[in-house]
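# Structure assessment
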Protein chains: 2
Amino acid sequence: MGDTLMTIRQMCDAFEVTPRTLRFYEARELLFPQRNGQHRLYGRTDRARLKLILRGKRFGFSLEQIRQLLELYDPAERNITQTEATLATARERLADMERQHQELGIALSELRDQIAQGETWLQNLKSGA
Amino acid sequence: MGDTLMTIRQMCDAFEVTPRTLRFYEARELLFPQRNGQHRLYGRTDRARLKLILRGKRFGFSLEQIRQLLELYDPAERNITQTEATLATARERLADMERQHQELGIALSELRDQIAQGETWLQNLKSGA
DNA sequence: GTCGGGGCTTACGTGAACGTAAACCTCGCC
DNA sequence: GGCGAGGTTTACGTTCACGTAAGCCCCGAC
């Protein structure tokens, strides 16, 4: 298929990360690129996983939390009890994210208010000067 | 007013942090408790600020980013150019948070889908066994 | 052949955000 | 008057997520 294997440098350019970062994620078992001899080659799933990793990071998740989430997107574990455990932790993450989404909405409106106040206060200062 | 000053331990119990954390935030100029001799005393504004700090941390912001945001909620800087700078960085944070809110919505639906798939797949396994 | 570019491993360094240990003060109580 | 609880400073240790440097391999171009 359109597996379009990419070198580590191509990946770095595409996702704006460093080689060190990709190798580090691999060491932490978040990525599993193929090998051509010594060289790493990243395929479609690696790109999808990396995208999820970077997104998770923006949400403030740790790499370990992200790794557990990736298990869900991964058809690696075919075991029943394993999958149930994965689902359980995924539901916890989901709850976290829902709470965070809620909180973010509140914080957004508060921050907008605060910025508006600051702006009017600034206008008063300027007109009063 | 209901300033109800609190000791460091009362604060720790109320917000589930350690004394070290509160002193650390003070060293980084995120909190400014009064002093009764040597002892710290935390008032209403300190509690409000700490609440914002902990929320910001859940959103993945650094303490420095949070400190800049707190300047907005704080009537400390009465300077015009200073306030304009504060507003500018606050708008950046706001943009970050809006993007994050958006992304979180997407990630949430994707994760829900993925969990649902995992659940049905698990059901198939159990019934098929 | 050599040499530069790209990639690899190994290992020590770094900044953020605290943890933890040592040593001191001081106030209330028995 | 001693002592234990609670608070303080100082300073080194720790975890996470990489950065950075050294040294090696390998392949294609000149």
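Description of the structure in this document.

### Some words on the nonpolar core
Formed by 61 residues in total, the largest nonpolar core has its most connected members in Leu22(A), Ile53(A), Leu22(B) and Ile53(B). What Leu22(B) contacts, discounting residues up to four positions off in sequence, is Ile8(B), Met11(B), Cys12(B), Val17(B), Leu31(B), Tyr42(B) and Leu50(B).

### A short note on the pattern of salt bridges
In total, this model carries 23 salt bridges over all chains according to the counting rule given. One salt bridge in this structure joins Glu64(A) and Arg67(A), with 2.9 Å as the shortest N-O distance. Highlighted residues: Glu64(A) and Arg67(A), both in helix H4 (residues 63-73), separated by 3 residues, approximately one helical turn. Arg93(B) serves as the salt-bridge partner of Asp96(B), at 2.6 Å between the closest nitrogen and oxygen. With Asp96(B) and Arg93(B) both in helix H5 (residues 80-128) and 3 residues apart, this pair spans about one turn of that helix. You can call Asp96(B) partly exposed: its relative accessible area is 24%. The exposure class of Arg93(B) is buried, given its relative accessible area of 10%.

### Some remarks on the interface of chain A and chain B
Every contact between the two is made by 39 residues of chain A and, on the other side, 39 residues of chain B. Across the interface of chain A and chain B, roughly 3900 Å² is buried in total on both sides, 69% from carbon and sulfur atoms. On the chain A side of the contact with chain B, His101(A), Leu104(A) and Leu111(A) bury the most area, a combined 15% of that side's loss. Our enumeration of links across chain A and chain B arrives at 8 salt bridges. The partner of Arg58(A) in a salt bridge is Glu103(B), with the nearest N and O atoms 2.5 Å apart. Taken together, the connections running from chain A to chain B amount to 11 residue pairs in polar contact (both at pLDDT 80 or more).

### Side note on the protein's contact with DNA strand D
Residues in close proximity to DNA strand D total 18 residues, the closest being Thr18(A), Arg20(A), Tyr25(A), Lys57(A) and Arg40(B). Considering DNA strand D, the proportion of its atoms within 4 Å of the protein that are sugar or phosphate atoms stands at 70%. The separation between a phosphate oxygen of DNA strand D and a polar side-chain atom of Tyr25(A) is 2.6 Å. Broken down by secondary-structure element, the contributors of at least two residues to the surface near DNA strand D are helix H2 (19-27) of chain A together with helix H1 (8-15), helix H2 (19-27) and strand E2 (39-41) of chain B. Class assignment of the residues belonging to the surface near DNA strand D gives a composition of 4 nonpolar, 6 polar and 8 charged.

### Some details on the packing of helix H4 (residues 63-73) of chain B against H5(B)
Residues and elements named next belong to chain B. Running from N to C, H4 and H5 cross one another at 120 degrees; their axes reach a closest spacing of 9 Å. Relative to H5, the element H4 is oriented oblique. Handedness of the crossing formed by H4 with H5: left-handed. The segment H4 lies against H5, with Gln65, Gln68, Leu69, Glu71 and Leu72 engaging Thr86, Leu87, Thr89, Ala90 and Arg93. Of the residues belonging to the contact of H4 with H5, the class tally is 4 nonpolar, 4 polar and 2 charged.

### Looking at unusual backbone geometry
Residue and element names in this part refer to chain B. Positioned with a positive phi, Glu16 is a non-glycine residue whose angle comes to about 55 degrees. Along the polypeptide, Glu16 turns up in the loop between H1 and H2. Among the residues examined, Glu16 registers a relative accessible area of 75% and is labelled exposed. Look at Glu29: it is not a glycine, yet its phi comes out positive at around 65 degrees. Position of Glu29 among the secondary structure elements: in the loop between H2 and strand E1 (34-36).

### Comments concerning the packing of aromatic side chains
One pass over the structure, following the stated rule, counts 3 aromatic pairs over all chains. Relative to Phe61(A), the ring of Phe59(A) lies with its centre 6.5 Å away and its plane at 80 degrees, an arrangement referred to as edge-to-face. Measuring from ring centre to ring centre gives 6.4 Å for Phe24(B) and Tyr25(B), while their planes differ by 55 degrees; the resulting arrangement is tilted. Residue Tyr25(B) is classed as buried on the basis of its relative accessible area, which comes to 5%.

Conventions used here
- Residues numbered from 1 in each chain as written.
- Chains lettered and ligands numbered in written order.
- Predicted model: local features only at pLDDT ≥ 70, side-chain atom pairs only at ≥ 80, totals over all residues.
- Heavy atoms only, no water.
- Core = buried A, V, L, I, M, F, W, Y, C linked by side-chain atoms within 4.5 Å.
- Buried < 20%, exposed > 50% of the residue type's maximum accessible area, 1.4 Å probe, protein only.
- Contact = heavy atoms within 4.5 Å.
- Salt bridge = Lys/Arg side-chain N within 4 Å of Asp/Glu carboxyl O.
- Helix = DSSP H or I, 4+ residues; strand = E, 2+ residues; numbered from the N terminus.
- Buried area = accessible area lost by both parts, 1.4 Å probe.
- Polar contact = N/O pair within 3.5 Å; in protein donor to acceptor, adjacent residues only side chain to side chain.
- Near = heavy atom within 4 Å.
- Nonpolar A, V, L, I, M, F, W, Y, C, P; charged D, E, K, R; others polar.
- Axes fitted to C-alpha atoms, helices over the stretch in contact; angles between N-to-C directions.
- Parallel < 35°, antiparallel > 145°, perpendicular 65-115°, else oblique.
- Left-handed = near helix turned anticlockwise from the far one by under 90°.
- Phe/Tyr/Trp six-rings, centres within 6.5 Å; stacked < 30°, edge-to-face > 60°.

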